[in-house]
Amino acid sequence: DVGIVTCINDDGEILVDFPNYRGWKGKDDEMAVVSKPQGTVSKLELGSKVRVKKTISTPTHDWGGLSHSDVGTVTSINDDGEI
C-alpha cells in the first residue's frame, strides 16, 4: 500500500494516511527513504517515498495494520519545515 506523509512535527512524529489506516503515527527516525526525486539531497524531500525501517520491529505508535512493505509519499513541506 502507498500512503501519504501528511505531517512531520518538530518532535519528529510523522503522520501518514495509508489506504487502510488514516492518521498512522510514527517517528521520523523509524522511517527509511525508499526513493526520492532525482537531484535531491536531504533525507526527506517532496516526492520521497518512505517506509518503516526494516530494523524497527515495533514502531513507537504501533503498526496499526501496516507492515514494512507499506510505502508513503511526501507530498508537502510547510515553510517551517513540517512535512
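Note that the coordinates shown come from a computational prediction; the quantities given were computed from them, not determined experimentally.

How each quantity is defined
- Residues numbered from 1 in each chain as written.
- Predicted model: local features only at pLDDT ≥ 70, side-chain atom pairs only at ≥ 80, totals over all residues.
- Heavy atoms only, no water.
- Pairing = 2+ DSSP bridges.
- Helix = DSSP H or I, 4+ residues; strand = E, 2+ residues; numbered from the N terminus.
- Core = buried A, V, L, I, M, F, W, Y, C linked by side-chain atoms within 4.5 Å.
- Buried < 20%, exposed > 50% of the residue type's maximum accessible area, 1.4 Å probe, protein only.

(A) Molecular detail of the pairing of strand 3 (residues 21–27). Of the pairings in the sheet, the one linking strand 2 (residues 13–18) to strand 3 comprises 5 bridges and is antiparallel in character. Within strand 3, the position partnered with Ile14 by the bridge is Gly26. The antiparallel hairpin formed by strand 2 and strand 3 contains 2 residues in its connecting segment.

(B) Structural detail: the nonpolar core. By size, the foremost hydrophobic cluster in this structure holds 13 residues, and its most contacted members are Val5, Ile14, Val16, Trp24, Met31 and Val52. At the level of secondary structure, the elements contributing two or more residues to this core comprise strand 1 (2–8), strand 2 and strand 5 (49–52). For this core, the element with the highest residue contribution is strand 2, accounting for 3 residues.

Read these as geometric descriptors, not functional statements.
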